Amino acid sequence: MRELVAALEKEARTRIKLPSARPSREQVLGALNQMHDILSSKGFMVAPTGYVEFLTEALTPVELVGAELESLRRSEYTTESRRAWLTAHTKNNGVVVYLADCDTLSFLYLTMGDAIGLPLSMVESPARGESIGHNWVNWSQDGKSVGWETLYPWTVSSNDKPQTRTQTLGYVRKLIAGEWWHRGNEHKAAEQYALSTKDFPDAVAFNNYAWLLSTSPDPAIRDPERARQLAVASIEADCNHFSIGTLASAHAAAGRFDTAVALQRIATALAPANEPASRADFEYRLALYERGIRFVQARRRRELRFRQCVSTADSLLQGESLKNKSLADMRSKCVSLDKKHHPESWQWIESAVLQKKPVALPAQAAMLPRSCNQRLEKLRAAPASMREEATTPSSGDSEGSAPKL
């Protein structure tokens, strides 16, 4: 991987000649176009589906054959120079490429920029409304600037501010924290989130770190007060049902169940009705807080699996005949498993979770930031159909109360 990066740097120094340390905007555009061509000449393609989490993945060669290769050829991201490279290097209906996405390509642009003395910065455009997050690179000097899309060879304009190098490192640490968490090492995840949130103030990182500090099964990791502060920071940046649910978990972890219940009611009311499994998650935690029980992440996979099993069966039965024996049997088995594992709490929680009693959007909550309450006021005034549309997440999945890691 280091040799491949060194080859990119060497080719950039060989092919791109800037006349001075203060190039014109046109000269910068020419350099960025050549960087795109260099990456294409090395076989770097944009992954047609999904994300590439780390630069190490983008620097690992993969062979594509058959349908995967056809998907890459048809992808809107496969530009003319990339398609020409594919045609020249495909043998026996297979080709070895490097698959990257917006941020990993940005890292490679930053690398080549450093090699030729062209100061580039990465830009982070966080998810907003129905749009997903995105990254590109930016050049600024003497009042001139160029925003450059790394998926396509063209310019982009935005009000998002370019990152400092320290902020970019914080962004990378957020990705590393998520990977450690995915691997089950919460201590290393917490360590990286602490570093990330210090350098990269990001709503997702704030929320994920707060969720970890409030729901970890390890008492050495749990820190309810710090979790509360981080959750508030996440809500101030992006008020949504995930971040409000995380704030509720922080209050529950500290034993403030009245506040936790009030917040979880808001989060549950905002949770999309068209995602029954996810909504059952919020309803389940609300039921716990109402009983004075804090939520611990280690129990989720075991407990909620049965809740979601029953919830899914109920949803299917609503669309089918109640005489559908196979579905009814599946639901019965789910209930039996859950009663076996949780005989004490099942009967009480059943009414809150399985009967799906509607949770109304509560009155204004003093524990939420003002900007969030203003958004809730607008949702209260909106018709139910518009309210559901406004609260539906745009992308990613959720683990507990956390957005996509």
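Residues numbered from 1 in each chain as written. Predicted model: local features only at pLDDT ≥ 70, side-chain atom pairs only at ≥ 80, totals over all residues. Heavy atoms only, no water.

Considering the pattern of salt bridges
Heads up, the condition is: Only one rule defines a salt bridge in this text: a Lys or Arg side-chain nitrogen within 4 Å of an Asp or Glu carboxyl oxygen. Think of it this way: any DSSP run of H or I at least four residues long counts as a helix, any run of E at least two long counts as a strand, and we number them from the N terminus. We call a residue buried when its accessible area falls under 20% of the maximum for its residue type, exposed when it is over 50%, and partly exposed in between, using a 1.4 Å probe and counting protein chains only.
Within the structure shown, the criterion is met by 10 salt bridges. We note a salt bridge from Asp142 to Arg22, for which the minimum N-O separation is 2.7 Å. Of this pair, Asp142 sits in the loop between β5 (134-141) and β6 (144-149) while Arg22 sits in the loop between α1 (2-15) and α2 (25-41); the two residues are 120 residues apart in sequence, bridging distant segments of the chain. Residue Arg22 is classed as exposed on the basis of its relative accessible area, which comes to 53%. The salt bridge partner of Asp114 is Arg165, with a shortest N-O separation of 3.0 Å. With Asp114 in helix α6 (residues 102-116) and Arg165 in helix α7 (residues 165-182), this residue pair connects regions lying 51 residues apart in the sequence. Overall, Asp114 belongs to the partly exposed group, its relative accessible area being 45%.

Digging into the sheet that holds strand β7 (residues 154-155)
Pairing between the strands of a sheet is mediated by backbone hydrogen bonds and can be parallel or antiparallel. Test applied: Two strands pair under a simple rule: DSSP has to find at least two bridges between them.
Reading across the sheet, the 4 strands line up as β4-β5-β6-β7 and stay open at both edges, with antiparallel pairing between neighbours. Edge strands, defined here as strands with exactly one partner in the open sheet, are β4 (120-125) and β7. Of the pairings in the sheet, the one linking β4 to β5 comprises 6 bridges and is antiparallel in character. Residue pairing in the sheet places Ser121 in a bridge with Asn138 of β5.

Brief notes about helix α9 (residues 203-215)
Just so we agree on the cut-off: What a helix should span is 1.5 Å times the count of its residues minus one. We define a polar contact as two N or O atoms separated by no more than 3.5 Å, with the added condition that, inside protein, one atom must be a possible hydrogen donor and the other a possible acceptor, whereas residues neighbouring each other in sequence contribute only through side-chain atom pairs.
Look at α9: 18 Å from first C-alpha to last across 13 residues, which is about the 18 Å you get at 1.5 Å a residue. Listing the buried residues of α9 in full gives Ala203, Ala205, Phe206, Asn207, Asn208, Tyr209, Ala210, Trp211, Leu212, Leu213, Ser214 and Thr215. The N-cap residue of α9 is Asp202: its side-chain oxygen and the backbone nitrogen of Val204 are 3.2 Å apart.

Some remarks on the packing of aromatic side chains
Counted only if it meets this: Pairing of aromatic rings covers Phe, Tyr and the six-membered ring of Trp, with a centre-to-centre limit of 6.5 Å; geometry is then stacked below 30 degrees between planes, edge-to-face above 60, and tilted otherwise. Placement of a positive charge over a ring is assigned whenever Lys NZ or Arg CZ falls within 6 Å of the ring centre and within 35 degrees of the normal to the ring plane.
What the rule picks out here adds up to 9 aromatic pairs. Between Tyr193 and Tyr209, the aromatic rings sit 6.0 Å apart at their centres with planes inclined by 20°, giving stacked as the arrangement. You can see Tyr193 sitting in helix α8 (residues 186-199) and its partner Tyr209 sitting in helix α9, a full 16 residues away along the chain. Taking the relative accessible area as the measure of exposure, Tyr209 reaches 9% and is therefore buried. Three or more aromatic residues joined by ring pairs form one cluster here, namely Tyr77, Tyr152 and Trp154. It is Lys188 that lies over the ring of Trp180; its NZ or CZ is 5.3 Å from the centre. A cation over a ring is seen here: Arg285 above Phe295, with NZ or CZ 5.6 Å from the ring centre.

Side note on the state of the cysteines
Applicable threshold: Here, two cysteine sulfur atoms that lie within 2.5 Å of each other are counted as a disulfide.
Applying the stated criterion across every chain yields a total of 1 disulfide. Disulfide pairing is shown between Cys239 and Cys372; the S-S distance is 1.9 Å. Residues Cys239 and Cys372 are joined through a disulfide that is right-handed, its torsion about the S-S bond being 45°. Here Cys239 is found in the loop between α10 (224-237) and α11 (241-253), whereas its partner Cys372 is found in helix α17 (residues 370-381), with 133 residues between them in sequence. Like Cys372, Cys239 is buried.

A look at the confidence of the model for the chain
Note the threshold: Confidence scores here are pLDDT values: one per residue, from the predictor, ranging 0 to 100. By the convention used here, residues are in contact when the closest approach between their heavy atoms is within 4.5 Å.
For the chain, mean pLDDT is 82; residues scoring 70 or higher make up 75% of the total. Confidence drops under a pLDDT of 50 for residues 343-349, and excluding neighbours within four residues, the segment shows 14 contacts in the predicted structure. Considering only residues more than four positions removed or in separate chains, one finds that residues 385-405, a stretch of pLDDT under 50, has 58 contacts.

Digging into the packing of α7 against α8
Each pair of packed helices can be summarised by the angle the axes make with each other and by the distance between the axes. Test applied: Each axis is a line fitted through C-alpha atoms, and for a helix only the stretch in contact is used; angles between axes span 0 to 180 degrees, taken between their N-to-C directions. Angle categories: roughly parallel below 35 degrees, roughly antiparallel above 145, roughly perpendicular from 65 to 115, and oblique for all the rest. Put simply, a crossing is left-handed when the front helix is turned counterclockwise from the back one by less than a right angle, and right-handed when it is turned clockwise. Amino acids are sorted into nonpolar (Ala, Val, Leu, Ile, Met, Phe, Trp, Tyr, Cys and Pro), charged (Asp, Glu, Lys and Arg) and polar (every other residue, Gly among them).
Viewed as axis vectors pointing N to C, α7 and α8 meet at an angle of 160°, and their least axial separation amounts to 8 Å. Classified by the angle their axes make, α7 and α8 are roughly antiparallel. The crossing of α7 and α8 is left-handed. Side by side, α7 and α8 meet where Thr166, Gln167, Gly170, Arg173, Lys174, Ile176, Ala177, Gly178, Trp180 and Trp181 of the first sit next to Glu186, Lys188, Ala189, Gln192, Tyr193, Leu195, Ser196 and Asp199 of the second. Its residues assigned to classes, the contact of α7 with α8 comprises 7 nonpolar, 6 polar and 5 charged.

Considerations on the sheet that holds strand β3 (residues 94-100)
Strand order in the open sheet formed by 3 strands is β1-β3-β2, with mixed pairing between adjacent strands. Taken across any chain shown, the strands that pair with only one partner, and hence form the sheet edges, are β1 (44-46) and β2 (62-65). Going across the sheet, the axis of each strand differs from the next one's by a mean of 65°, ignoring polarity. Here helix α5 (residues 80-89) sits on the sheet in contact with β1 and β3, set at roughly 150° to β3.

Let's talk about unusual backbone geometry
Leave glycine aside and you will find that most residues have negative phi; peptide bonds, for their part, are mostly trans. Notably, Asn92 is not glycine yet its phi reads approximately 55°, a positive angle. Counting through the fold element by element, Asn92 comes out in the loop between α5 and β3. Look at Asn93: it is not a glycine, yet its phi comes out positive at around 60°. By secondary structure assignment, the location of Asn93 is in the loop between α5 and β3.

Side note on the packing of α10 against α11
In the contact formed by α10 and α11, the axes pass within 8 Å of each other and the chain directions differ by 165°. It follows that α10 is roughly antiparallel to α11 by the angle criterion. Once α10 is placed against α11, the crossing between them reads as left-handed. Here Pro224, Ala227, Arg228, Ala231, Val232, Ser234 and Ile235 of α10 lie close against α11, whose contacting residues are Ser243, Ile244, Thr246, Leu247, Ala250, His251 and Ala253. Looking at the contact of α10 with α11 residue by residue, the class counts come to 9 nonpolar, 4 polar and 1 charged.

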